[in-house]
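An overview of the molecular structure
Single-letter residue listing:
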Amino acid sequence: MTVLKQDKKNFVSTRNACKVCSPLGASVAFKGIRKCVPLIHGSQGCSTYIRRYLISHYKEPVDIASSNFSADTPIYGGYQNFERALDNITSQFNPDAIAICTTCLSETIGEDISMFISEYKEARKDKKIPELIEASTPSYQGTHMDGFHEAVTSIVKYMGSKGPTIDQVNILPGFVSPADIRYLKEIFDDFGIQTLMLPDYSDTLDNPNWHEYIHLPNGGTPIEELKTCGQSKATFEFGEILNKGKIYGAVKNTKLNPTAGEYMENNFDVPLIRQPLPFGVTLTDRLFNSISGFSGKAMPEKHKMERGRLIDLYADGHKYVFGKKAILYGEEDFVLSMAYFLKEIGMIPSLVATGGSSTELSHRITSLFEGEEVQVHENVDFEKIKELTHGIVPDIIIGNSKGYYIAREMQIPIVRVGFPIHDRIGGQNIKHVGYRGASEMFTTIVNTLLTYRQDNSPVGYKYM
Ligand code: SF4
């Protein structure tokens with residue numbers, strides 16, 4: 001009998017991915033349009049998974065429609081499914097917009113959604129139909145972040161046009177929590193700046209309690225406002241890596257799609273102001289400086305006070321976090337800004353990991369922590385992250401709830417931030433951005449470390 005030797009270097013499939021599927025990210029972005037229903041053009045399983053995943057994080061009903069491919073759709077094509085889905089959504093929801101996201105299967109069989117939309121509109125040219133938007137989101141080409149940014153760029157491509165400048169700015173908040181979006185709006189509002197938030201899912205994915213089911217939750221940016229994005233005075237775009245995580249983007253000399261901010265600058269002459277997600281004091285100061293430079297107004301007293309209280313909080317807790325080592329993982333822009341925040345509070349992210357593959361994160365983190373022992377790994381899953389923890393002795397894990405099992409095995413605490421948070425309530429309400437976000441995250445990190453130390457102390461103490 002011949003015994004085949006197993007080659008240890010053989011390809012290992014993804015185990016516990018540190019990323020989610022592309023149309024999921026696009027669906028979140030499309031939920032930020034008022035009265036918009038995302039439609040997943042593909043199999044029912046894709047939309048069921050996405051719906052379930054989002055409901056578990058946001059703890060809200062999340063309607064995501066499906067064109068419901070059957071076994072023969074890949075052979076005959078999906079136009080009939082597409083047409084029936086749009087008709088059904090229109091009659092049942094009466095939406096202002098339907099946003100179509102493709103899936104692995106519909107992209108693989110080469111569905112031409114732009115042509116489908118033209119045919120659908122032509123066949124109903126005498127009827128009033130919702131606005132139709134599409135985003136190409138095959139999951140084998142990127143993560144949920146690529147889907148999210150693809151959707152935002154699609155919105156400005158479909159809706160925007162050049163025109164006389166109006167007194168407003170576009171805010172592209174990136175994939176942050178509903179609480180973060182509300183807070184960003186408040187900051188700009190305090191400077192007297194009219195904002196066009198793109199997307200704004202601060203209400204649609206975080207509604208008050210309802211007495212009866214509402215088909216289309218309140219909130220979101222209205223279509224009429226989105227159509228004015230090309231006339232804004234400027235765009236504030238948060239994130240540095242944005243859509244560069246796409247697999248084809250990681251291949252040298254491959255041209256990436258523009259981000260929404262770049263598209264509006266190139267096509268509508270809307271000046272672009274870009275910076276990393278404003279986590280911590282350093283990056284929030286940068287945001288306030290940009291807003292002050294743009295508006296000619298000084299930071300309002302309310303925010304000066306919040307900044308001052310945050311610095312005081314840092315002084316209170318600094319000795320508990322200084323020099324502590326963390327494992328940090330998540331989406332690339334999220335991780336990059338969290339790394340800035342950890343650096344300013346004196347922590348060292350010994351292991352930084354992401355499921356994205358832009359190749360941008362490594363050199364940015366490495367230069368941020370020059371001289372420190374910091375490993376950065378891109379395009380990894382949670383099992384790989386677990387393997388990489390061998391040899392390092394971290395004090396804490398910081399990331400979404402999917403890494404909980406690593407914390408459990410290592411018997412170290414975890415601070416849950418970002419997306420998804422499936423094993424706690426309140427994920428939609430975590431603040432990450434601005435001075436308030438830094439205050440909330442700093443308090444949580446310090447108290448988590450203190451709880452761990454107190455719980456594992458041989459002496460029961462109640463004073464420190
Ligand atoms: S098949 Fe592709 S699009 Fe559908 S759920 Fe899986 S990864 Fe996402």
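Please read these numbers as outputs of a predicted model, since none were measured by experiment.

Quick notes on the overall build of the protein
- Looking only at helices and strands, one finds 17 helices and 13 strands in the protein.
- For a compact globule of 464 residues, the expected C-alpha radius of gyration is about 23 Å, and the protein comes in at 23 Å, within 12% of that figure.
- The dimensions of the protein, computed from C-alpha atoms along their principal axes, are 80 × 75 × 50 Å.
- Every one of the 464 residues in the protein was classed for burial, and the buried ones make up 55%.

Re the sheet that holds strand β9 (residues 325-329)
- Sheet architecture is open: 5 strands sit in the order β11-β10-β9-β12-β13, paired in parallel fashion. Across the chains shown, the open sheet's two edge strands, defined by having one partner strand only, are β11 (375-377) and β13 (414-416). Put simply, the sheet's adjacent strands are angled 20° from each other on average, direction ignored.
- Of the pairings in the sheet, the one linking strand β12 (residues 396-399) to β13 comprises 3 bridges and is parallel in character. Residue I398 lies in a different strand from β13, and its bridge partner there is V415.
- Helix α13 (residues 332-344) rests against β9, β10 (348-353) and β12 of the sheet, and its axis sits at about 160° to β9.

Regarding the site of the ligand
- Neighbouring the ligand are the residues C21, P23, C46, Y49, T103, C104 and S139.
- Per-class residue counts for the shell around the ligand are 5 nonpolar, 2 polar and no charged.

What about the layout of surface pockets?
- Empty space within the largest pocket amounts to approximately 350 Å³.
- If you go around the largest pocket, you meet 17 residues; those closest to its centre are P413, I414, R416, R424 and T448.
- Within the lining of the largest pocket, the residues separate by chemical class into 10 nonpolar, 4 polar and 3 charged.

Here we look at the domain arrangement of the protein
- Domain annotation of the protein identifies domain 1 (22-206 + 216-275) and domain 2 (298-455).
- Between the C-alpha centres of domain 1 and domain 2 the distance comes to 29 Å.
- Domain 1 puts 35 residues into the contact, and the matching count from domain 2 is 37 residues.
- Of the roughly 2,800 Å² buried at the junction of domain 1 and domain 2 (both faces included), carbon and sulfur atoms supply 58%.
- Area buried by domain 1 at its contact with domain 2 is led by H57, Y183 and I241, which between them contribute 27% of it.
- For the pair domain 1 and domain 2, the interface holds 4 salt bridges.
- In this structure, E240 and R364 form a salt bridge, with 2.8 Å as the shortest nitrogen-oxygen distance.
- Elements with a minimum of two residues in the side of domain 1 that touches domain 2: α2 (44-58), α7 (144-159) and α8 (178-190).

Concerning the sheet that holds strand β6 (residues 195-197)
- Strand order across the open sheet formed by 4 strands is β6-β5-β7-β8, with parallel pairing between neighbours. Looking at which strands have only one partner, the edges of the open sheet turn out to be β6 and β8 (272-275). Each strand of the sheet is rotated relative to its neighbour by a mean of 20°, with strand direction disregarded.
- Pairing geometry for strand β5 (residues 169-172) and β6, over 3 bridges, is parallel. Paired with V169 across the two strands is T195, which belongs to β6.
- Where helix α11 (residues 280-295) meets the sheet, its contacts fall on β5, β7 (234-238) and β8, and the angle it forms with β7 comes to roughly 175°.

Points about empty space enclosed by the protein
- All chains considered together, the criterion is met by 9 cavities of 30 Å³ or more.
- When its volume is computed, the largest cavity comes out at roughly 130 Å³.
- Contributing to the lining of the largest cavity are 19 residues, with C18, K19, V20, H144 and N400 lying nearest its centre.
- Looking at side-chain class alone, the lining of the largest cavity contains 8 nonpolar, 7 polar and 4 charged residues.
- Three or more residues apiece are contributed to the lining of the largest cavity by two domains, here domain 1 (22-206 + 216-275) and domain 2 (298-455).
- Approximately 110 Å³ is the volume found for the second largest cavity.
- What lines the second largest cavity is a set of 14 residues, among which F175, V176, S177, G418 and H432 lie closest to the centre.
- When grouped by side-chain class, the residues that make up the lining of the second largest cavity number 7 nonpolar, 5 polar and 2 charged.

Topic: the pairing of β10
- Of all 6 residues making up β10, 6 are buried, and the element is well covered by its neighbours.
- Where β9 lies against β10, 5 bridges are found, and the strand directions are parallel. When the bridges of β10 are listed, I327 appears paired with L351.
- Following the chain from β9 across α13 to the adjacent parallel β10, one finds a crossover that is right-handed.
- Across 3 bridges, the pairing between β10 and β11 is parallel. Looking across to β11, one finds that V352 is bridged to V376.
- Note that the unit made of β10, helix α14 (residues 360-368) and β11 has a crossover that is right-handed.

Thoughts on the nonpolar core
- If you look at the biggest cluster of nonpolar residues, it comprises 103 residues, and the most contacted ones within it are F30, F341, I365, I398 and I445.
- If you tally residues by element for this core, the top one is helix α17 (residues 434-455), at 8 residues.
- Counting residues domain by domain, this core receives three or more from each of domain 1 (22-206 + 216-275) and domain 2 (298-455).
- In this structure I398 touches A326, I327, L328, Y329, M338, L342, M347, V415, V417 and I445, once residues within four positions along its chain are discounted.

Reading guide: rules and limits
Residues numbered from 1 in each chain as written. Predicted model: local features only at pLDDT ≥ 70, side-chain atom pairs only at ≥ 80, totals over all residues. Heavy atoms only, no water. Helix = DSSP H or I, 4+ residues; strand = E, 2+ residues; numbered from the N terminus. Rg over C-alpha atoms; globule rule 2.2 N^0.38 Å. Buried < 20%, exposed > 50% of the residue type's maximum accessible area, 1.4 Å probe, protein only. Pairing = 2+ DSSP bridges. Axes fitted to C-alpha atoms, helices over the stretch in contact; angles between N-to-C directions. Contact = heavy atoms within 4.5 Å. Near = heavy atom within 4 Å. Nonpolar A, V, L, I, M, F, W, Y, C, P; charged D, E, K, R; others polar. 1 Å grid on protein atoms, 1.4 Å probe; cavity = no way out; pocket = protein on both sides within 12 Å on 5 of 7 lines; lining within 4 Å. Points joined across faces, edges and corners; volume = space filled by probe spheres on them. Domains from an automatic or database assignment. Buried area = accessible area lost by both parts, 1.4 Å probe. Salt bridge = Lys/Arg side-chain N within 4 Å of Asp/Glu carboxyl O. Right-handed = clockwise from strand over helix to strand, strands pointing away. Core = buried A, V, L, I, M, F, W, Y, C linked by side-chain atoms within 4.5 Å.

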